[in-house]
Every structure is written in C-alpha cells, then in structure tokens.
Amino acid sequence: MTMPLHALEITLTRPLSPAALHHAARMLPLASNHDVTRLITLMPAKTPRRALRRVRHRLGARLPIDVITTHYPDADRQVLLNVAFPPAVHASLKTQAQHAAQTPERFLELALHRTLAEHADQETDRLDRAVRQLLAHTSPAYLLSAVGHALTRLPESVTR
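Worth saying up front: this structure is predicted, and the values here are computed from it rather than measured.

1. Let's talk about the overall build of the chain
- Helix and strand counts for the chain stand at six helices and five strands.
- Each helix (α) and strand (β) of the chain, taken in turn from the N terminus, gives the series β-α-β-β-α-β-β-α-α-α-α.
- Taken over the C-alpha trace, the chain has a radius of gyration of 21 Å; the compact-globule value for 160 residues is 15 Å, which it surpasses by more than 25%.
- Projected onto the principal axes, the alpha-carbon positions of the chain cover approximately 60 × 45 × 35 Å.
- Out of the 160 residues in the chain, the part that is buried amounts to 22%.
- For the chain, the share of sequence-separated contacts (at least 6 apart) that also reach a separation of at least 24 residues comes to 56%.
- Put simply, the chain shows about 11900 Å² of open surface, and 58% of that area lies on carbon and sulfur atoms.
- Averaged over its 20 positive side-chain charges, the chain has a centre that lies 10 Å from the centre of its 13 negative ones.

Structure follows, in structure tokens:
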C-alpha cells in the first residue's frame, strides 16, 4: 500500500542562509519562498497529523521552526497546526486544559476558534462604523459605485 503525500508548510522564525537551506533540503525535499522564511514539503504518512509530527521530528532541531501547517484544508475545511511550545508554556496549557476537562489540543482549538470569532466580530463592527461614516457624506449609490471601482483596481494578490 502506498502512503498518501501531505503538503506541509513550514514557517520559520528567521530567514535561512543558503547553506542551511541546502543542508535541510538534503534531509527532506523542500521548496522555499523568496526570502526563505517559509518552506513547503511533501511528507508521506497515513494521516496529516503523522505527517506534521514526522516533519517536526526530522527538521525541528535543525531549523528555526515557528509553526508547521497542512498546506491544504482537509475534508472539514480545517488546516492543522503543529506548534512546539516551551516547557513552561506547555505545562501551563496542560494545567488549564485539565481544569476545563479537555485535552490540551482541544483546549487550544476552542481558544483559537473563540479568538478568531472575536476578531471577525471586531472587524465587522469596524467596517460597519467606517461605512456609516462614509454614508454620512454620500449616497449609498455613490458609495457602492466607489467600492466597485476600487475593487476592480486592487492587485490580484489582495483580492484572493
């Protein structure tokens, strides 16, 4: 049976030198972005979680890894994260998770979802205030026309 390949993105805490990138690429096939702060690799494994752990195990001591993520969302539209916390942070996280009767992974997942929801609410409120301020000085038709005009002029990378 062949193992499925999982595309994983590695975000680094600092750029790699060409020599460090070459050394790491000898251990695992890697592609980098222009400033060598993000890498991508394909890892064979039964599950995405195992693939994340394998990359962390192979490269974790050799590269300044910040986070490893699955490059594509899974069937539930989730992107998996692999973060290595310092021992003190991990102990605190474990304690807080136990108090909430959850695993550390579930505790972090729920905290992240809450934080993202709060951010989305704040962004919605901020945009609502900005639109109301703009509407105080123009008509909805002019505002809509201006927004459409601005959106057609944005660089493609911003609108994705």
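2. Here's the deal with the sheet that holds strand E1 (residues 5-12)
- Pairing in this open sheet of five strands is antiparallel, and the strands run E2-E3-E1-E4-E5 from one edge to the other. Where the open sheet ends on each side, the last strands, each with one partner, are strand E2 (31-32) and strand E5 (81-82).
- Two elements, E2 and strand E3 (residues 38-44), share two bridges in a ladder whose sense is antiparallel. Residue Ala31 lies in a different strand from E3, and its bridge partner there is Ile40.
- Where helix H2 (residues 48-59) meets the sheet, it contacts E1, E3, strand E4 (65-70) and E5, and its direction lies at approximately 155° from that of E4.

3. Looking at a positive patch on the surface
- Together, Lys46, Arg49, Arg50, Arg53, Arg54 and Arg58 give the surface a local cluster of positive charge.
- Take Lys46: it is sitting in the loop between E3 and H2.

4. Points about the nonpolar core
- By size, the foremost hydrophobic cluster in this structure holds 20 residues, and its most contacted members are Ile10, Leu39, Val55, Leu59 and Leu63.
- With four residues, the single largest contributor to this core is H2.
- In contact with Ile10, other than residues within four places in its own chain, are Leu30, Thr37, Arg38, Leu39, Thr41, Val55, Leu59, Ile65, Val67 and Ile68.

5. Concerning the pairing of E1
- Across the eight residues that make up E1, a large majority, six, are buried.
- As defined by bridge partners, E1 adjoins E3 across seven bridges and the pair is classed as antiparallel. Each residue of the ladder has a partner; that of Leu8, found in E3, is Thr41.
- Two elements, E1 and E4, share five bridges in a ladder whose sense is antiparallel.

6. Quick look at the side chain of Thr37
- Within the secondary structure, Thr37 sits in the loop between E2 and E3.
- Overall, Thr37 belongs to the buried group, its relative accessible area being 18%.

7. A short note on a nonpolar patch on the surface
- There is a patch of nonpolar side chains on the surface, built from Val79, Leu81, Val83, Phe85, Val89, Leu108, Leu112 and Leu116 and spanning about 640 Å² of accessible area.
- Looking at which element gives the most residues to the nonpolar patch, the answer is helix H4 (residues 104-135), with three residues.
- For Val83, the position within the fold is in the loop between E5 and helix H3 (87-99).

8. Let's talk about the layout of surface pockets
- Of the voids in this model, the largest pocket is the one considered here, and its volume is about 920 Å³.
- Residue lining of the largest pocket: 22 residues in total, with Arg49, Leu80, Leu81, Asn82 and Glu105 positioned closest to the centre.
- Those elements giving two or more residues to the lining of the largest pocket turn out to be H2, E5, H3 and H4.
- When residues of the lining of the largest pocket are assigned to their parent elements, the largest contribution, seven residues, is made by H4.
- Residues that form the lining of the largest pocket fall into these classes: eleven nonpolar, four polar and seven charged.

Parameters and conventions
- Residues numbered from 1 in each chain as written.
- Predicted model: local features only at pLDDT ≥ 70, side-chain atom pairs only at ≥ 80, totals over all residues.
- Heavy atoms only, no water.
- Helix = DSSP H or I, 4+ residues; strand = E, 2+ residues; numbered from the N terminus.
- Rg over C-alpha atoms; globule rule 2.2 N^0.38 Å.
- Buried < 20%, exposed > 50% of the residue type's maximum accessible area, 1.4 Å probe, protein only.
- Contact = heavy atoms within 4.5 Å.
- Areas by Shrake-Rupley, 256 points an atom, 1.4 Å probe, with all protein chains shown as cover.
- Lys, Arg positive; Asp, Glu negative; His and termini not counted.
- Charge placed at Lys NZ, Arg CZ, Asp CG, Glu CD.
- Pairing = 2+ DSSP bridges.
- Axes fitted to C-alpha atoms, helices over the stretch in contact; angles between N-to-C directions.
- Patch = residues over 30% accessible without salt bridge, like charges linked within 9 Å, V, L, I, M, F, W, Y side chains within 5 Å.
- Salt bridge = Lys/Arg side-chain N within 4 Å of Asp/Glu carboxyl O.
- Core = buried A, V, L, I, M, F, W, Y, C linked by side-chain atoms within 4.5 Å.
- 1 Å grid on protein atoms, 1.4 Å probe; cavity = no way out; pocket = protein on both sides within 12 Å on 5 of 7 lines; lining within 4 Å.
- Points joined across faces, edges and corners; volume = space filled by probe spheres on them.
- Nonpolar A, V, L, I, M, F, W, Y, C, P; charged D, E, K, R; others polar.

Coordinates in, geometry out; function isn't part of it.
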